[in-house]
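Survey of secondary and tertiary structure
Here is what each chain is made of, one letter per residue.
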Amino acid sequence: MRFLRASLVGLCVMLAAAAAAARPQALELDEALALLESLGEPERYPSANSVVGFSHTFVEFEESGAYDEYHHAFVKILTDEGQNKHRDESFVFNRRYGSIDIETARVIKRDGTEVVVTEDLITDGTPAMVAAMDIYESDFREVTVVFRNLEVGDAIEILVHMEFEPLIEDGYNGLHIVQDTSPVVETSVTIVGPADMPLKHAVKGGELEFAETEADGKRTYVWRGEGLPQINPEPAMPGLAQVATRVVVSTMQTWADLSRYLWEMSDEKCVAEETVTDLVDEITDGLETTDEKIRAIHYWIADNVRYLGISMDRGAFLEPHFAAYTLEKEYGICRDKAVLMVTMFEEIGVPSWIVAVNVTRTTDTEVPTVFFEHGIVAIEGPDGDYLYIDPTQQTSREIYASYLSDRWALLLTEEGSDIRRAPAVPASRNSGRIVDESTLGGDGSIGGSVTITGSGMYEEILRTISRQAGKEQIEMAWEEAVQGLYPGAEMTRFEITDAEDLSEPMAITVDYDVTNYALQADPYVLFRVPAATGSFDFLSDALFGRLTGLASREYPLALQVTLGLEEEAEVAIPADYELTSLPDNVSFKEGVITLEIDYEFVPPPAEGGQGIVKYRHRFAINSFQVSPGDYLSLKEAVRLAGRSARGEVILMKKEG
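The text that follows walks through the structure, step by step, so that each part is easy to find. No experiment lies behind these values; they were computed from the predicted model shown.

Below, the discussion takes up the packing of aromatic side chains. Considering all chains together, one arrives at 13 aromatic pairs under this definition. The interplanar angle of 55° and the centroid separation of 5.2 Å between the aromatic rings of tyrosine 599 and tyrosine 615 together place this pair among those described as tilted. Of this pair, tyrosine 599 sits in strand E34 (residues 593-602) while tyrosine 615 sits in strand E35 (residues 612-621); the two residues are 16 residues apart in sequence, bridging distant segments of the chain. The exposure class assigned to tyrosine 615 is buried, which follows from its relative accessible area of 5%. An aromatic cluster of three or more residues is present, and its members are Phe61, Tyr67, Phe164 and Tyr172. Here arginine 407 stacks its cationic end above the ring of phenylalanine 624, 4.0 Å away from the centre of that ring. Arginine 553 extends its terminal NZ or CZ atom over the ring of tyrosine 631, reaching a point 5.6 Å from the ring centre.

In structure tokens, the structure reads:
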């Protein structure tokens, strides 16, 4: 019986695979109406706005790497929000390397009729998301299908045929996301290719049934799934390419294969023509150390080569321009700027490599694919590891990228390189630093001076905001921050460094005066250390006020960078007062979250003078993504910090 049961299961899988191996065809109207009815009413899906009846993807690739892809989907609308979401569907492609044909697009009405989408409701335009990335390539296109007369209770059916030239020569890569923000009743991915070009493949983020067959020189791979739960979006969660159930495939069997392939594509562009060598000589003239020369080259590229993509070469998503071309045009996207930097480093005798990384999501390392978001540069570090430099960081004073912590990086080398993890970057390298010194008057007033600086990403955020907002708006923002200390507080001085000058640390200095700041209840005086109120740390307040509102999380909190804060404050108290009590200290460490808050009283010297209340605050998130478990620790740290911020120092007037 066990053998018979296993045989029947295997037969069912083979039959399902054979059915899925056929190219998708539009449903007959009676089939579509039956499916619409079978999906049921909204009560079946209480938290959903729509339900995906099916989503089928079919791909057939050739030895050259060219491929046809069909996508067939049927979605029932359950709510007004679902109607808004699906009133149109868009598909992005590059017309130099492919084409899109909408074979079927229609609304299946709940009254038993259909509304076919006419050609005037299918438009072809420039994708807004590409322009937002400063990539202006006329061949990047977006086909949008508008479903008119779509109402709650209706469904849409769409069948799209896409033809593509090879993204990589003589190979195929695929990333197929099968889970959605709506529940998926049934899904399949079918890939057909030459039998002598086997796929390396993996299913991530869930489980799917799998079958593989071979016939007539073709190998067919089929993944099927039923009842995939909806993904409920959360603030600052990673994209679907990280959290959804997905199928990742590649004809490349090792990362070394991909490393060599991409190296060949980029190395030929790293040519030091006369314009490049002359420039290197000019900007490094008089500099003695290699570090000074590296810094000079990085700053020059940041200041003079704009991040902008226009008219890309073969392999639109992969191939860079020649270094001299990027230099001449004074613009380029990440891989163009990386080629220029590698070429310039070669002129100062510094070996370097282009590196492919993902910034907004983790990399699926089981399968070597070209689906990287960003290109940067690596040089050898003093400890034998690599140091990473991002030539697109135009607002960072620091040379070595502090955001890359623990991310997977692929060095492009002639011999081929395996994918590797970049070293962990502690939060202290992306930390704000706030130093406040103030004096409490006998009348309850307080006056002080606070300086805000930072390192890594914290400083880059300060610099970016200053560049975009301008000095006047920043000054106004700090006036509001000072007024947040206490009603009637005044900012008496404001200074800010030049955000455009990368040679100097970014710094903001603010002086303030507050009358009636302390609560006087003779013989006692109660006050909060100004820095402890959070008024000077605008980033943490804005960030964690928004991102810790959920009771729990299902998906990681994608900060994209480790992050920290260091605050130190001293308050000089009147000589005729003595300390009665300080707020409680806090010491909290769980997972990647650390919080330390310390109060200390330094008595006045024996010869007389003022005592000092010292405040020290250290906060760190030592991961670029906060797991659901660590999120609970983050919430607790935020709660503890908030409670501490309400704590008051209590003084008592000395007798006599």
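Of all residues except glycine, most have a negative phi; of all peptide bonds, most are trans. Each neighbour pair has its own omega, and for aspartate 522 with proline 523 the value is 10°, a cis peptide bond. You can see proline 523 is positioned in the loop between strand E28 (519-521) and strand E29 (524-527). In this structure, asparagine 149 is a non-glycine residue whose phi angle is positive, near 65°. Looking at where asparagine 149 falls in the secondary structure, it is placed in the loop between strand E8 (140-146) and strand E9 (155-164). Exposure remark for asparagine 149: the relative accessible area of 47% places this residue in the partly exposed category.

Let us now look at a negative patch on the surface. Together, Glu62, Glu63, Asp101, Glu103, Glu163, Glu165, Asp170 and Asp196 line one region of the surface with negative charge. One can find aspartate 196 in the loop between strand E11 (184-194) and strand E12 (200-204).

So, about the sheet that holds strand E10 (residues 173-177). With antiparallel pairing, the three strands of this open sheet are ordered in space as E10-E15-E12. Two strands close off the open sheet at either side, each with one partner strand: E10 and E12. The average undirected angle you get between the axes of adjacent strands in this sheet is 10°. Where E12 and strand E15 (residues 246-250) come together, five bridges link them in antiparallel fashion. What sits directly across from histidine 201, in E15, is valine 249.

Roughly 400 Å³ of internal volume is contained in the second largest pocket. Lining the second largest pocket are 22 residues, with Asp537, Ser540, His617, Ala641 and Gly642 positioned closest to its centre. Residue composition of the lining of the second largest pocket, grouped by class: 12 nonpolar, seven polar and three charged.

With the rule as written, the count across this model stands at five cavities of 30 Å³ or more. Roughly 70 Å³ of internal volume is contained in the largest cavity. Around the largest cavity, the lining residues are Leu175, Val248, Asn358, Arg361, Thr363, Asp364, Val367, Thr369, Phe371 and Phe372.

Next up on the list: the pattern of salt bridges. Summed over the entire model, instances satisfying the criterion amount to 28 salt bridges. Linking arginine 106 and glutamate 114 is a salt bridge whose minimum nitrogen-to-oxygen distance equals 2.7 Å. With relative accessibility at 7%, the residue arginine 106 sits in the buried group. One network of salt bridges, with partners in common, ties together Lys204, Arg246, Asp364 and Glu366.

Right, let's talk about the packing of helix H8 (residues 290-304) against helix H10 (residues 334-347) for a bit. Where H8 contacts H10, the two axes come as close as 11 Å, and the packing angle between them is 150°. As summarised for this structure, H8 and H10 are arranged roughly antiparallel, according to the angle between their axes. Where H8 crosses over H10, the two elements pack in a sense that is right-handed. Where H8 approaches H10, its residues Ile294, Ile297, His298 and Ile301 are matched on the opposing element by Lys337, Leu340, Met341, Met344 and Phe345. Residue composition of the contact of H8 with H10, by class: seven nonpolar, one polar and one charged.

Relative orientation of the contacting elements helix H7 (residues 274-283) and H10 amounts to 65°, with a least axis distance of 10 Å. In terms of orientation, H7 and H10 fall into the roughly perpendicular class. The hand of the H7/H10 crossing is right-handed. Taken together, the residues of H10 that come into contact with H7 (itself represented by Val276, Thr277, Leu279, Val280 and Ile283) are Thr343, Met344 and Glu347. Among the residues making up the contact of H7 with H10, the classes are represented as five nonpolar, two polar and one charged.

Here the focus is the side chain of aspartate 630. Checked against the element boundaries, aspartate 630 lands in helix H14 (residues 628-645). As a buried residue without a salt bridge, aspartate 630 has its nearest oppositely charged side chain in lysine 589, at a separation of 9.1 Å. Dropping the residues within four chain positions of it, aspartate 630 is found in contact with Glu590, Gly591, Val592 and Ile593.

How each quantity is defined
Residues numbered from 1 in each chain as written. Predicted model: local features only at pLDDT ≥ 70, side-chain atom pairs only at ≥ 80, totals over all residues. Heavy atoms only, no water. Phe/Tyr/Trp six-rings, centres within 6.5 Å; stacked < 30°, edge-to-face > 60°. Helix = DSSP H or I, 4+ residues; strand = E, 2+ residues; numbered from the N terminus. Buried < 20%, exposed > 50% of the residue type's maximum accessible area, 1.4 Å probe, protein only. Lys NZ or Arg CZ within 6 Å of the ring centre and 35° of its normal. Patch = residues over 30% accessible without salt bridge, like charges linked within 9 Å, V, L, I, M, F, W, Y side chains within 5 Å. Areas by Shrake-Rupley, 256 points an atom, 1.4 Å probe, with all protein chains shown as cover. Salt bridge = Lys/Arg side-chain N within 4 Å of Asp/Glu carboxyl O. Lys, Arg positive; Asp, Glu negative; His and termini not counted. Charge placed at Lys NZ, Arg CZ, Asp CG, Glu CD. Pairing = 2+ DSSP bridges. Axes fitted to C-alpha atoms, helices over the stretch in contact; angles between N-to-C directions. 1 Å grid on protein atoms, 1.4 Å probe; cavity = no way out; pocket = protein on both sides within 12 Å on 5 of 7 lines; lining within 4 Å. Points joined across faces, edges and corners; volume = space filled by probe spheres on them. Nonpolar A, V, L, I, M, F, W, Y, C, P; charged D, E, K, R; others polar. Parallel < 35°, antiparallel > 145°, perpendicular 65-115°, else oblique. Left-handed = near helix turned anticlockwise from the far one by under 90°. Contact = heavy atoms within 4.5 Å.

Keep in mind these values describe shape, not function.
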